[in-house]
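Here is how the chains run, residue by residue.
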Amino acid sequence: MAVAAGNLVHEKLDQAATILREQDVDLWLTLVRETLLTSDPCLDLIAGTYSAWTGAFLISATGERTAIVGRFDAPSVEEIGAYDVIGYDESIRPALVETVERLAPRSIALNYSDSDAAADGLTHGLWRLLQETFAGTPFAERFTSSEAIVNALRGRKSPAEVERIRGAIRETEAIFEVATRALRPGLSELEFAGLMQTEVERRGLGYAWGSDHCPAVNAGPEKDVGHAPPGELVTKRGELLHVDFGVSRAGYCSDLQRVWYLLDEGESTAPDDVTRAWEALWASLDAGAAALRPGVAGWKVDAAARESLVAAGYPEPLYALGHQLGRSAHDGGTVLAPRWDRYGDAPLGIVEEGNVFTLEYGTAVPGRGYIGLEEDVLVTADGIEWLSTPQRDLWLVS
């Protein structure tokens, strides 16, 4: 049932100890149970396995790592070679209390968060178990959120993680090429999605999100663009085709949007209304890309792109410029988003070297359809590297 390669788990656990020391947290405790039903978002990174019984994964700032799991879960955790494993039969509580008392942490970060779904794996029932287990001990008052730890750990992509993301992007771009060769007027959204999904299956890949709307396909101007499945609308001359698509490869995802214009009779280039929107959107993405570097708050990157698009006369986007990308298409942590309530504290997060973000904005072109741009980028020491090959030119279909 392993999900992540052992070497990658070791790599992330080493990172975790460093992050704990940076944040002056003594102990990170991830408590889980029956993870095939309610998997903690970080379990793949720190264990790469599952836990049927209640399990506790403890990582100390000193680098000590202990896993307390059910007897029948213990062998798979031992195979990782990253933890001192304690197996139990009747109850996790004695071993958990004994281990925490031995480590004597001043602070214990738990797997919950108010703002970040990628750090919010602790169920209410497990929270109650912890309160009961540590009642009457000084540790009951030392719990805090592991959100900042998880954000840093998920966000700081190692070279091995970046290479996996590159691989997913290469596969995605290759599938777009196959689909482009098959595109013609009269093809339905469902037929186009089917072409892409056939390639996903042939290549042995997974989907970056639910296959019912991966890819999301939007033909022409009649459809409200969103997280909706492809339907019976067909591609027509004089209209746009927009696709949002990503794959999962070796446990890591891509997330790209691409756009085609089907030339009308007598046309050799896209009409002015389409060209103007295309250029305005790319100017806004480039403004965001120029602002994206280590040390900047996520909302400021979004603001640079947002101001550019609005100044060009287009509606303000009702979503973020970008999200982090990794084991999930939406990988948690800092978001390149406006300071709206729905994003919580995520836009206040600080961009770090090694983060991988999407850059994505779009706008409707009346009577034509939707243009949505999305590229994947790596934050470097002094800016960004484009991981995807930017679609600088609108793809024309004759």
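Criteria and thresholds
Residues numbered from 1 in each chain as written. Predicted model: local features only at pLDDT ≥ 70, side-chain atom pairs only at ≥ 80, totals over all residues. Heavy atoms only, no water. Axes fitted to C-alpha atoms, helices over the stretch in contact; angles between N-to-C directions. Helix = DSSP H or I, 4+ residues; strand = E, 2+ residues; numbered from the N terminus. Parallel < 35°, antiparallel > 145°, perpendicular 65-115°, else oblique. Left-handed = near helix turned anticlockwise from the far one by under 90°. Contact = heavy atoms within 4.5 Å. Nonpolar A, V, L, I, M, F, W, Y, C, P; charged D, E, K, R; others polar. Disulfide = S-S within 2.5 Å. Buried < 20%, exposed > 50% of the residue type's maximum accessible area, 1.4 Å probe, protein only. Core = buried A, V, L, I, M, F, W, Y, C linked by side-chain atoms within 4.5 Å. Salt bridge = Lys/Arg side-chain N within 4 Å of Asp/Glu carboxyl O. Pairing = 2+ DSSP bridges.

(A) View of the packing of helix α7 (residues 159-182) against helix α8 (residues 189-202). At a minimum axis distance of 10 Å, the contact between α7 and α8 shows a crossing angle of 140°. Here α7 lies oblique to α8, going by the angle between them. The chirality of how α7 crosses α8 is right-handed. Across from I175, F176, V178, A179 and A182 in α7, the residues of α8 making contact are F192, L195, M196, E199 and V200. Here the contact of α7 with α8 is composed, by residue class, of nine nonpolar, no polar and one charged.

(B) Local environment of the state of the cysteines. In this structure the tally under the stated criterion is zero disulfides. The thiol sulfur of C42 is not disulfide-bonded, and the nearest other cysteine sulfur, from C253, lies at 15 Å. Judged by its relative accessible area of 2%, C42 is buried. In this structure C253 is not part of a disulfide, and its nearest cysteine sulfur, from C214, lies 8.9 Å away.

(C) Region of interest: the nonpolar core. Within the largest apolar cluster, 64 residues are counted, with the highest numbers of intra-cluster contacts made by W28, F57 and F192. The element best represented in this core is α7, accounting for seven residues. With near-sequence residues (within four places) excluded, F57 lies in contact with W28, L29, T30, V32, L43, I46, A47, T66, A67, V69, V77 and Y83.

(D) Structural view of the pattern of salt bridges. Under the criterion given, the structure shown has 27 salt bridges. E163 is the salt-bridge partner of R166, the closest N and O atoms lying 3.8 Å from each other. Of the two residues, R166 and E163 are both situated in helix α7; the distance of three residues between them amounts to about one turn of the helix. Owing to a relative accessible area of 22%, R166 belongs among the partly exposed residues under this scheme. Between E316 and R306 there is a salt bridge, and its shortest N-O distance comes to 3.2 Å. Taken as a pair, E316 in the loop between α10 (298-311) and β13 (356-365) and R306 in helix α10 lie far apart in primary sequence, 10 residues in all. Residue class for E316 comes out partly exposed when judged on its relative accessible area of 41%. If you follow the salt bridges from partner to partner, you end up with E171, E199, R202, R203 and R249 in one network.

(E) Region of the structure containing helix α6 (residues 147-155). Within α6, seven of the nine residues are buried, leaving the element largely enclosed by the surrounding structure. Three or more residues of α6 are buried, namely E147, I149, V150, A152, L153, R154 and G155.

(F) Inspection of the pairing of strand β14 (residues 369-379) at higher detail. Within β14, 11 of the 11 residues are buried, which leaves the element mostly enclosed by the surrounding structure. Relative to β14, β13 runs antiparallel, the two being bridged by 10 bridges. Counterpart to T358 in the pairing with β14 is D376. The hairpin formed by β13 and β14 contains three residues between the paired strands, and G367 there has a positive phi angle of roughly 80°. The hairpin turn running from β14 into strand β15 (residues 384-386), its antiparallel successor, is four residues long.

(G) Highlighting the sheet that holds strand β6 (residues 143-145). With respect to topology, six strands assemble into an open sheet ordered β4-β3-β2-β1-β5-β6, the strand pairing being mixed. Edge positions in the sheet fall to β4 (84-88) and β6, since each has one partner strand and no second. In this sheet, neighbouring strand axes are inclined to one another by 25° on average, regardless of whether the strands run parallel or antiparallel. As paired elements, strand β2 (residues 55-60) and strand β3 (residues 65-70) share four bridges and run antiparallel to each other.

(H) Looking closely at the sheet that holds strand β7 (residues 206-207). Read from one edge of the open sheet, three strands run β7-β10-β11, paired in antiparallel fashion. Either end of the sheet is taken by a strand with one partner, and the two such strands are β7 and β11 (252-253). For β7 and strand β10 (residues 247-249), the ladder comprises two bridges, and the chain directions are antiparallel. The partner of G206 across the bridge, within β10, is S248.

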